[in-house]
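In case you want the letters, here they are:
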Amino acid sequence: MINKFLGFKPDEKLLPSQTVTEDTEIDLSSHKYQKIWLGPNHPGVTGNMAIELTVQGTTVMRAKTHVGYLHRGFEKLIERRLFVQGFPTSIRMCVAEPDTNEYFIARSTEELSGYADAVPEYANWLRMLSLEMARLAGLLRGVPGQGGTFALGIGVQWGVYLRDLILDRFEELSGARVYHMYIIPGGVRGALPDGFKERMEDNLRDIDDFIIRIKKLMFHNSVFKQRAKGLAVITPEMVDKYGIVGTNARCCGVKRDVRKDNPYLYYDKLDFDPPTATDGDVYSRTWIRWQELIQTVDLIRQIMAKMPKKGDIRCKMPNVLNWKIPKGETYVRLESGRGEMGMYYVTDGSDKPRRINLRGPSYNHAISVLEHMLIGQDVADVHAIMVSLQTCPPEIER
Amino acid sequence: MKELIEKLSSKYELQEVVYQRDNLVFAAISKENAIEAVTYLRDYEGYTHLVMMSCVDWIEDGKYQLLYLLHNPKLKNDIGIKVYIDRENPEMVSAHHLWKSVWTYQREMHESFGIVFPGSPRLEENFVVEGWDETPFMRRDFDTHEYAEKTYFPRGNRKTNDPAEYMRKKLYPNQPVTAKQRKDDK
């Protein structure tokens, strides 16, 4: 409008092209572009990873994910240790939900050594409880965290407080707050303490209030809605092409949930339906995760109501220090808060695993998907897109 | 799963077929037919989701074992296609044209095992380690302990406890504890 009034005709060639794709040519020597490193030390980046952005003005032309800042060679270190000694190392591969890795190692070793059916029923219910509590602790950070990328910081503080209450319950159950080592081959390490259910119910009531408050804070906020709607859309065609799983797949109508598709533990005895959306944008991903928060609280209540009052917590296992597992291989998977996680476990008949390989959802989400989605976006939205994909670097570099 | 294996074995020579669970089967295919079989499974049998690619070092046989783990979202089952390649001259046909996530796996395997995938994009870029000129670190012949001793000089006055010994005392107090007693056990 102002240009029309002044009679100014800008040279279109000098302006950023409107549609930027992966094929758009970039000549760095033309001085039209700039390189920006986002991370590895940046409050908005999820964990220690860096994104190398090539920008023109504020439009992202290229993005490259750099990982390796957390690499400690966990998979290699586990190859040098006895089966049971792999536990303390494996849980550090995923800080947000370490219980998933405990389950993988416990389940794989049980399956390969023929103890899969020997695990007592009570122990399996406790495993499920601990996995759902881990999901809840992850979502209490993840859902308000999405608001945090659009400057709604207060929700994160509420979430961290409530997550701490769940960590208190973990401490009661396992003796540890973050890395629990609760699920072990043959069962779990301890029974439910007296009064646990009442204290958990108290916390869940607080979380019920939080769910309503976070809805008002985020989904009733016009800035959040305007910025998140239509941002970084995942289409159903992308799901298989890029290996997208979990909430990121469900946000565009592709209903994938390991708990429903390949039920493990007693998930087939619980009544739930994974939420889906159709838009595939940041808004619908956040909306699904908010609904998952409600669902997880409900699942914990269902588990506590349906589980037996008491029972054996583990079956009799061989001496773990002289434990040899016959040659074999397996893949065990579960649905984590971020999507399908799994572990490829190979044994060679010795007392140590031959190879373990973790399949984390972020391996695809943070590299091929993120690099593709950032192209053509505004620099200010990069954090929002990254958090909406729930990227977690430790499971990439292991 | 049995029908699928029968179909596959009519087209390709399968080895080491193992039904691990009702919904998981592993089978080995020759290096020449592997990518063709994976493409067939993706396009005609509905195994559209690549769960993961992995590599195992069988140093005693002089082979690397590659794994293409595929999932069928309709039938909810998985098939693991295994390929054995020579360890001395590790080279495999790239599958980056099949899924957009494959090049990342190949880039990682190139760095951690030294396997070459000709034509795979950004293969030479660093993945998790920068400026690494030792043996690729996931190979069985790379000794992490020896590397740590060599790179980070030993610190004096440092006591180390054998975790296995500690666990033995804690978990099995009535069983022999010392190394000599353990030897006698065996």
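Residues numbered from 1 in each chain as written. Chains lettered and ligands numbered in written order. Predicted model: local features only at pLDDT ≥ 70, side-chain atom pairs only at ≥ 80, totals over all residues. Heavy atoms only, no water.

1. As for the overall build of chain B
Moving on, step 1. Across its full length, chain B carries 6 helices and 5 strands.
Moving on, step 2. Mapped from its N terminus to its C terminus, chain B presents α and β elements in the order α-β-β-α-β-β-β-α-α-α-α.
Moving on, step 3. Whereas a compact globule of 186 residues would reach a radius of gyration of roughly 16 Å, chain B reaches 22 Å, over 25% beyond that.
Moving on, step 4. In terms of overall dimensions, chain B has C-alpha extents of about 60 × 45 × 30 Å along its principal axes.
Moving on, step 5. Here the analysis covers contacts within chain B between residues at least 6 apart in sequence; of these, 49% occur between residues at least 24 apart.
Moving on, step 6. Taken as two groups, the 27 positive and 31 negative side-chain charges of chain B have centres that lie 7 Å from each other. (Helix = DSSP H or I, 4+ residues; strand = E, 2+ residues; numbered from the N terminus. Rg over C-alpha atoms; globule rule 2.2 N^0.38 Å. Contact = heavy atoms within 4.5 Å. Lys, Arg positive; Asp, Glu negative; His and termini not counted. Charge placed at Lys NZ, Arg CZ, Asp CG, Glu CD.)

2. Some remarks on the packing of helix H7 (residues 196-219) of chain A against helix H12 (residues 282-306) of chain A
All names here are of chain A.
Moving on, step 1. The N-to-C vectors of H7 and H12 enclose an angle of 165°; their axes lie 11 Å apart at closest approach. In terms of orientation, H7 and H12 fall into the roughly antiparallel class. Considering how the two elements wind past one another, H7 and H12 form a crossing that is left-handed.
Moving on, step 2. Of the residues that constitute the contact of H7 with H12, the class distribution is 16 nonpolar, 1 polar and 6 charged. (Axes fitted to C-alpha atoms, helices over the stretch in contact; angles between N-to-C directions. Parallel < 35°, antiparallel > 145°, perpendicular 65-115°, else oblique. Left-handed = near helix turned anticlockwise from the far one by under 90°. Nonpolar A, V, L, I, M, F, W, Y, C, P; charged D, E, K, R; others polar.)

3. Some thoughts on unusual backbone geometry
Trans is the prevailing form of peptide bonds, just as negative phi is the prevailing case for residues other than glycine.
Residues and elements named next belong to chain B.
Moving on, step 1. With a phi angle near 50°, glutamate 16 is a residue other than glycine that sits in the positive phi range.
Moving on, step 2. Its place among the elements puts glutamate 16 in strand E1 (residues 15-21).
Moving on, step 3. Judged by relative accessible area, which is 42%, glutamate 16 ranks as partly exposed.
Moving on, step 4. Phi at arginine 122 takes a positive value of approximately 50°, unusual for a residue other than glycine.
Moving on, step 5. Relative to the assigned elements, arginine 122 resides in the loop between helix H3 (102-113) and helix H4 (144-151).
Moving on, step 6. For arginine 122, a relative accessible area of 24% corresponds to the partly exposed category. (Buried < 20%, exposed > 50% of the residue type's maximum accessible area, 1.4 Å probe, protein only.)

4. Quick look at the environment of phenylalanine 87 of chain A
Residue and element names in this part refer to chain A.
Moving on, step 1. With respect to the helices, strands and loops of the structure, phenylalanine 87 is situated in helix H3 (residues 86-90).
Moving on, step 2. Separated by 96 residues in the primary sequence, phenylalanine 87 and isoleucine 183 have C-alpha atoms spaced 9.4 Å apart.
Moving on, step 3. Once you skip the residues sitting within four places of it in the chain, phenylalanine 87 turns out to touch Glu102, Ile105, Ala106, Met181, Ile183, Ile184 and Pro185.

5. Side note on H12 of chain A
Moving on, step 1. Between its first and last C-alpha, H12 of chain A extends 35 Å over 25 residues, near the 36 Å set by a 1.5 Å rise per residue.
Moving on, step 2. In terms of burial, H12 of chain A is largely enclosed, as 18 of its 25 residues are buried. (Expected span 1.5 Å × (residues − 1).)

6. Thoughts on the domain arrangement of chain A
Moving on, step 1. Domain boundaries in chain A define domain 1 (2-66) and domain 2 (74-360).
Moving on, step 2. The gap between the C-alpha centroids of domain 1 of chain A and domain 2 of chain A is 37 Å. (Domains from an automatic or database assignment.)

7. As for the layout of surface pockets
Residues and elements named next belong to chain A.
Moving on, step 1. Roughly 760 Å³ of internal volume is contained in the second largest pocket.
Moving on, step 2. Within the residue set of the lining of the second largest pocket, elements represented by two or more residues are helix H5 (121-148), helix H6 (154-174), helix H14 (382-388) and helix H15 (394-397).
Moving on, step 3. For the lining of the second largest pocket, the leading source of residues is H5, giving 8 residues.
Moving on, step 4. Of the residues contributing to the lining of the second largest pocket, the split by class is 14 nonpolar, 14 polar and 8 charged.
Moving on, step 5. Here the lining of the second largest pocket spans two domains, and each of domain 1 (2-66) and domain 2 (74-360) adds at least three residues to it. (1 Å grid on protein atoms, 1.4 Å probe; cavity = no way out; pocket = protein on both sides within 12 Å on 5 of 7 lines; lining within 4 Å. Points joined across faces, edges and corners; volume = space filled by probe spheres on them.)

8. Observations regarding the packing of aromatic side chains
Describing an aromatic ring pair means giving the distance of the ring centres and the angle of the ring planes.
Moving on, step 1. Tallied over the entire structure, the rule returns 22 aromatic pairs over all chains.
Moving on, step 2. Residues phenylalanine 150 of chain A and phenylalanine 224 of chain A carry aromatic rings whose centres are separated by 5.4 Å and whose planes lie at 80° to one another, so their mutual orientation is edge-to-face. With phenylalanine 150 of chain A in the loop between H5 and H6 and phenylalanine 224 of chain A in helix H8 (residues 222-228), this residue pair connects regions lying 74 residues apart in the sequence.
Moving on, step 3. By relative accessible area, which is 5% here, phenylalanine 150 of chain A ends up buried.
Moving on, step 4. A residue is classified by how much of its surface remains accessible, and phenylalanine 224 of chain A, at 1% relative accessible area, is buried.
Moving on, step 5. Aromatic pair tryptophan 132 of chain B and tyrosine 147 of chain B: ring centres 5.2 Å apart, planes at 50°, arrangement tilted. (Phe/Tyr/Trp six-rings, centres within 6.5 Å; stacked < 30°, edge-to-face > 60°.)

9. Structural notes on the interface of chain A and chain B
Moving on, step 1. Between chain A and chain B, the contact holds 51 residues from the first and 54 residues from the second.
Moving on, step 2. When the two sides are added together, the surface that chain A and chain B hide from each other amounts to roughly 4400 Å², 51% of it contributed by carbon and sulfur.
Moving on, step 3. Per-residue buried area on chain A facing chain B is highest for Lys76, Arg354 and Tyr363 of chain A; these three make up 16% of the total on that side.
Moving on, step 4. At the junction of chain A and chain B, the tally comes to 10 salt bridges.
Moving on, step 5. For the salt bridge of arginine 398 of chain A with glutamate 108 of chain B, the shortest nitrogen-to-oxygen distance reads 2.8 Å.
Moving on, step 6. Viewed at the interface, chain B and chain A are joined by 28 residue pairs in polar contact (both at pLDDT 80 or more).
Moving on, step 7. Elements that contribute at least two residues to the side of chain A that touches chain B include exactly helix H2 (74-79), helix H4 (99-113), helix H9 (236-242), strand E6 (328-336), strand E7 (339-347), strand E8 (353-359), helix H13 (362-374) and H15 of chain A. (Buried area = accessible area lost by both parts, 1.4 Å probe. Salt bridge = Lys/Arg side-chain N within 4 Å of Asp/Glu carboxyl O. Polar contact = N/O pair within 3.5 Å; in protein donor to acceptor, adjacent residues only side chain to side chain.)

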